[in-house]
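Remarks on the overall topology
As a plain string of letters, each chain reads:
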Amino acid sequence: MVGVLLVNLGTPDAPDTGSVRRYLREFLMDGRVIDIPYPFRFLLVNGIIAPFRAPKSAKIYQQLWEERGSPLKFYGEDVRDALQKSLGEDYVVKLAMRYQNPDLPSVLKEMEKLQLEKLIIIPLFPQYASATTGSVYERVMELMSSWQIMPSISLVSYFYQRPGFATYFAEKAKKYQADHDFDYYLFSYHGVPERHIRNGDITKNTCVFGTCCEQITEKNHGCYRAQCFETTRLIAKEMGLKEGTFGTAFQSRLGRDPWLQPYTDETIKKLVKEGKKKILAFSPAFVADCLETTIEVGEEYKELFEEAGGEHWQLVESLNNSPEWVSFLKDLVHQS
C-alpha cells in the first residue's frame, strides 16, 4: 500500500474571532514563519498580533466563507477524493493541514496504522519556501520520529516547473482574453521577509534580490524568489506573452522589515501611471482560492487599481478542484 499525504497551510475552523485567533496563534508561533527567538515570538504573537488581528481577519473570512466552509479546505477535500478514485485501491490518499484541521498528528496516526510500504508527501505549495514546505517537512519528520516501522518516503519539494502547471494557468487565461484586450499581465506571489531568502543562501553571495533571479541555476534552484520569477516566465511563455507585457510582484507583507519586492500594491499604482488600464492577474503560489487570492488580489487590489485610474482588473482562478489539477497530482504521484 502506498500512502499519499497532501498538506496545505491551513484555515480557521470557522469565520469567528475565537477560531481565527487559534489559527493565527498556531500559524505564527511556527519558528519557520516568524524566525525570532521564542520568548519574543510568544509575546509578539500572543500579546499583539493574534488579539488585535483576529477580529479584523474574522470579518474578512466571513466574506470568503461559503456554505461548505473554507474554500481552501473543501477544495482540498474534493481533490483528495478525486485523486483517491483516480489512483485506485493500491493507494490511500489523505489530506492534512499544517495548522488547524484536519491536523497532521491525527492524519499521520491514521497512516501509521496502515503499515505503508511507501509514503509520498506533497506539500501543496508550487514553489519551495522554508516557511511553507520546509515547515511541513520539519513537522512531519518530528511526528514520524516515533514510528517503529518506517516506510520508504518520497518528498516533493516543489512542482511549479513540472509539465502541466504553467499550461493550466495559460488555458484558464484564454477565456478572459477572449472578452478583453489586456495590456498587462501581473503575477502576484505571497511574500516572505528578505531575511528568509538570505538565510537560505548557503553561498552567502548568490542572493542579491535582483539579477540573480533572472534564471534558475544550481545555486538558486531552491530559492523561493527565483522560483516565483521562473514560474512567471514559464506561464508567460506558455501564453506567448511578449517581454514588457508581464511582471512579477509580491503581496501580503507584514511588519516593518523588508519583504520580497517589488510589492504588488506599489506595482499596481506604478502600472496605472504607465497607462496600463486593463490587467489580468494571477496568483500561482496558491493551488486553491483563499483569502489571499479571492479577497486580497480579487477584491482589494481591484479596488486599489480602480481608485488609481485602472479600468478592468480580472483575477484568474486557482487550480481548486479542477480535473486538470487532479490529473497533474496523479502524474506527480506516479513520478515520485
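What counts and what doesn't
- Residues numbered from 1 in each chain as written.
- Predicted model: local features only at pLDDT ≥ 70, side-chain atom pairs only at ≥ 80, totals over all residues.
- Heavy atoms only, no water.
- Pairing = 2+ DSSP bridges.
- Helix = DSSP H or I, 4+ residues; strand = E, 2+ residues; numbered from the N terminus.
- Axes fitted to C-alpha atoms, helices over the stretch in contact; angles between N-to-C directions.
- Contact = heavy atoms within 4.5 Å.
- Phe/Tyr/Trp six-rings, centres within 6.5 Å; stacked < 30°, edge-to-face > 60°.
- Buried < 20%, exposed > 50% of the residue type's maximum accessible area, 1.4 Å probe, protein only.
- Lys NZ or Arg CZ within 6 Å of the ring centre and 35° of its normal.

**Brief notes about the sheet that holds strand E6 (residues 246–251)**
- Across the sheet, 4 strands lie side by side as E6-E5-E7-E8; this open sheet has parallel pairing. Each having just a single partner strand, E6 and strand E8 (312–315) make up the two edges of the open sheet. Averaged over all neighbouring strand pairs, the angle between strand axes comes to 25 degrees, with direction disregarded.
- Both strand E5 (residues 184–190) and strand E7 (residues 278–282) contribute to a ladder of 4 bridges, which runs parallel. Across the sheet, residue Phe 187 finds its bridge partner in E7, namely Phe 282.
- Helix H6 (residues 165–177) rests against E5, E7 and E8 of the sheet, and its axis sits at about 155 degrees to E7.

**A word on the packing of aromatic side chains**
- In this structure the tally under the stated criterion is 18 aromatic pairs.
- Aromatic side chains Phe 165 and Phe 328 sit 6.3 Å apart centroid to centroid with 55 degrees between the ring planes, which places their arrangement in the tilted category. With Phe 165 in helix H6 and Phe 328 in helix H11 (residues 323–335), this pair connects stretches of sequence that are 163 residues apart. Considered together, Phe 165 and Phe 328 belong to a single accessibility category, that of buried residues.
- Taking the centre distance of 6.2 Å and the plane angle of 40 degrees together, the rings of Tyr 189 and Phe 250 count as tilted. Of this pair, Tyr 189 sits in strand E5 while Phe 250 sits in strand E6; the two residues are 61 residues apart in sequence, bridging distant segments of the chain.
- On the basis of relative accessible area, Phe 250 is assigned to the buried category, the value being 1%.
- Three or more aromatic residues joined by ring pairs form one cluster here, namely Phe 159, Phe 165, Tyr 168, Phe 169, Trp 325 and Phe 328.
- When the ring centre of Tyr 263 is taken as origin, the NZ or CZ atom of Arg 253, which lies over that ring, is 3.8 Å away.

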